[in-house]
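If you want the building blocks of each chain, they are given just below.
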Amino acid sequence: MTKPVAEVTPNTWSFLRDAMIRPTGFREYDARWKYPEEINLPGMTALGLGLGTQIHRRGIAPVIAVGNDYRDYSLSIKNALILGLMQAGIQVKDIGPALSPMAYFAQFHLDVPAVAMVTASHNPNGWTGVKMGFDRPLTHGPDEMAELRDIVLNGEGLARPGGSYEFVDGVKEAYIDDLVGDFRMSRPLKVVCATGNGTASAFAPEIFARMGVEIVPSHNELDYTFPHYNPNPEAMEMLHDMADTVKASGADFALGFDGDGDRCGVVDDEGEEIFADKVGVIMARDLSKLYPGSTFVADVKSTGLFAADPELKKHGAKADYWKTGHSHMKRRVKEIGALAGFEKSGHYFLAEPIGRGYDCGMRVAVEICKLMDRNPDMSMSDLRKALPRTWSTPTMSPYAADTEKYAILKRLVEKLVAKHAAGDSFAGRAIKEVVTVNGARVILDNGSWGLVRASSNTPNLVVVCESSESEDEMRAIFAEIDAVIRTEPGVGDYDQTI
């Protein structure tokens, strides 16, 4: 295999012949490029050859399930990837158009070790990428991505005999069976189903119908031009549309799904968005009654209620705060045998006996409907209001150059740990502990906290604060964290602040 180049001029002989891959597309948890500016089809074939070579190097059975999301160029991208996988001697099981969690499900359903899902996730059109994994239900983390990057960019891909191709039908139907089983609602439920014309349009309405849920359709026609907005339930455009539809229809709540269906956003019956970490607490409360003594993993940006909520404590639930990022979270849930993991971005990881441990927006939708069925006298806003009140900042990101941010963070963590060791007060309270698994989360004696970490994919630090007491305390915690951050001259302005 020759080494791919980082730049090829479009509309040239070379562009249709030579592999072009921009190195920056290899991210911490998956691969993502603008197409065709940052990767071309021969580049995608080189990626497939590299991924196949990685499978052989790891001694894994050379069989892989491959799917693609619903975009007009995803099939071409997938076919180019498959060509490289077959060149590497891999037996390809093509499951056709799919959600990312359907591709993860295919690993179990077809009993194959590896998966490659061609998707740009919630990125707008013009982006493509691959989510991949070898150890179900896990996906590549930083180590596996670095190894793959080196194989591909150094031209170490190795052609072997034995490659084959098979199109496998029926996986979508088996996936929906696995999600719903024989569950039917016993209370009437009316849900706004928001799919933004993305891939989830081919799944969510059918799943709700099977459970006996009445849906209010919201952009459920498949249309890869995304005529209304890009499907991303973290974006205000989609959330506002969901809220408007709830108010206009009198629905019980709205569920919205991103472009590849691994995330789910919730708007309640009053049109209030419930952030994913708070939805996680609502679900954890319900699940801890069914499974007392369970452990729940939350990413370090999530609410402190997983540790502080009296209802969770009553049922013996344990909280484990871990690194942000779907690969980190999936791995942690599996390693410690947690019942579920919740990430503030809307990735939920529901493990046995509820789910299979990977992030699946459809599984979350099913479990929320079951939760509502178990609580027939409660509305979604009742469940939201039943949580202890907290005051949270938005995610705030001060500039720090990619080349400097980790060194800056290391020094900030040392300074915050030193404050704890010295017995210093913080926002007028004692520091209970400093969690350092992913930056520093300074937890006070009343459960309030402030976090600073490095962004995985932009030249920034990330700051989030939450108070269990008041808005004033939240602001005081931010002032304390910011004062420490300002000791570093390499940190610039915030993108937003309180």
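Described below are features of the structure shown in this document. Being a predicted model, the structure only gives us computed values, none of them experimental.

### Some details on empty space enclosed by the protein
Then step 1. In this structure the tally under the stated criterion is three cavities of 30 Å³ or more.
Then step 2. By residue number, the principal contributor to the lining of the largest cavity is helix α5 (residues 171-180), which donates three residues.
Then step 3. Its residues assigned to classes, the lining of the largest cavity shows five nonpolar, two polar and three charged.
Then step 4. Its boundaries defined by the atoms lining it, the second largest cavity holds a volume of some 40 Å³.
Then step 5. Taken together, Val279, Ile282, Met283, Ile368, Leu371, Met380 and Leu383 make up the full set of residues lining the second largest cavity.
Then step 6. Secondary-structure elements contributing two or more residues to the lining of the second largest cavity are α8 (276-290), α12 (361-374) and α13 (380-385).
Then step 7. In terms of residue count, the dominant contributor to the lining of the second largest cavity is α8 (three residues).

### Notes on the sheet that holds strand β9 (residues 253-257)
Then step 1. Taken together, the five strands give an open sheet; going across it, the order is β8-β7-β9-β10-β11, and neighbouring strands pair in mixed fashion. Sheet topology places β8 (214-218) and β11 (273-274) at the edges, where each strand pairs with a single neighbour.
Then step 2. Bridge count for strand β7 (residues 190-194) against β8 is five bridges, and the pairing is parallel. Bridging from a neighbouring strand, cysteine 193 pairs with proline 217 of β8.
Then step 3. The strands that helix α7 (residues 236-249) touches are β7, β8, β9, β10 (264-268) and β11; relative to β9, the one it contacts most, it runs at about 150 degrees.

### Section: the packing of α5 against α12
Then step 1. The interhelical angle for the contact between α5 and α12, taken along N-to-C directions, is 35 degrees, at an axis separation of 9 Å. As α5 runs across α12, the sense of the crossing is right-handed. Where α5 abuts α12, its residues Tyr175, Asp178, Leu179 and Val180 lie against Met362, Arg363 and Val366.
Then step 2. Tallied by class, residues from the contact of α5 with α12 come to five nonpolar, no polar and two charged.

### As for the nonpolar core
Then step 1. The biggest cluster of nonpolar side chains holds 71 residues, and the ones touching the most others in it are Tyr175, Phe208, Leu255, Met362 and Ile368.
Then step 2. With eight residues, the single largest contributor to this core is α12.
Then step 3. Beyond its immediate chain neighbours, meaning those up to four positions away, isoleucine 368 contacts Phe253, Leu255, Val266, Val279, Met283 and Met380.
Then step 4. One finds Tyr35, Ile55, Val118 and Leu148 within the second-largest nonpolar core, a separate group that totals 35 residues.

### Considerations on the pattern of salt bridges
Then step 1. Applying the stated criterion across every chain yields a total of 39 salt bridges.
Then step 2. Aspartate 402 is the partner of lysine 405 in a salt bridge, and the nearest nitrogen-oxygen pair spans 2.8 Å.
Then step 3. On the accessibility criterion, aspartate 402 (43% relative accessible area) is partly exposed.
Then step 4. Here aspartate 482 and arginine 486 are joined by a salt bridge, their closest N and O atoms 3.3 Å apart.
Then step 5. A residue is classified by how much of its surface remains accessible, and arginine 486, at 38% relative accessible area, is partly exposed.
Then step 6. The network of salt bridges with shared partners includes Asp178, Arg356, Arg363, Glu367 and Lys370.

### Quick word on helix α1 (residues 41-57)
Then step 1. Helix length check: α1, at 17 residues, gives a terminal C-alpha distance of 24 Å against a target of 24 Å (1.5 Å per residue), a fit within 8%.
Then step 2. The element α1 is largely enclosed, with a buried count of 13 among its 17 residues.
Then step 3. The opening residue of α1 is asparagine 40, an N-cap whose side-chain oxygen sits 2.8 Å from the backbone nitrogen of glycine 43.
Then step 4. In the segment just after α1, glycine 59 is the residue with positive phi, at about 70 degrees.

Reading the values: the criteria
Residues numbered from 1 in each chain as written. Predicted model: local features only at pLDDT ≥ 70, side-chain atom pairs only at ≥ 80, totals over all residues. Heavy atoms only, no water. 1 Å grid on protein atoms, 1.4 Å probe; cavity = no way out; pocket = protein on both sides within 12 Å on 5 of 7 lines; lining within 4 Å. Points joined across faces, edges and corners; volume = space filled by probe spheres on them. Helix = DSSP H or I, 4+ residues; strand = E, 2+ residues; numbered from the N terminus. Nonpolar A, V, L, I, M, F, W, Y, C, P; charged D, E, K, R; others polar. Pairing = 2+ DSSP bridges. Contact = heavy atoms within 4.5 Å. Axes fitted to C-alpha atoms, helices over the stretch in contact; angles between N-to-C directions. Left-handed = near helix turned anticlockwise from the far one by under 90°. Core = buried A, V, L, I, M, F, W, Y, C linked by side-chain atoms within 4.5 Å. Buried < 20%, exposed > 50% of the residue type's maximum accessible area, 1.4 Å probe, protein only. Salt bridge = Lys/Arg side-chain N within 4 Å of Asp/Glu carboxyl O. Expected span 1.5 Å × (residues − 1). Polar contact = N/O pair within 3.5 Å; in protein donor to acceptor, adjacent residues only side chain to side chain.

The analysis is restricted to geometry; functional conclusions fall outside its scope.
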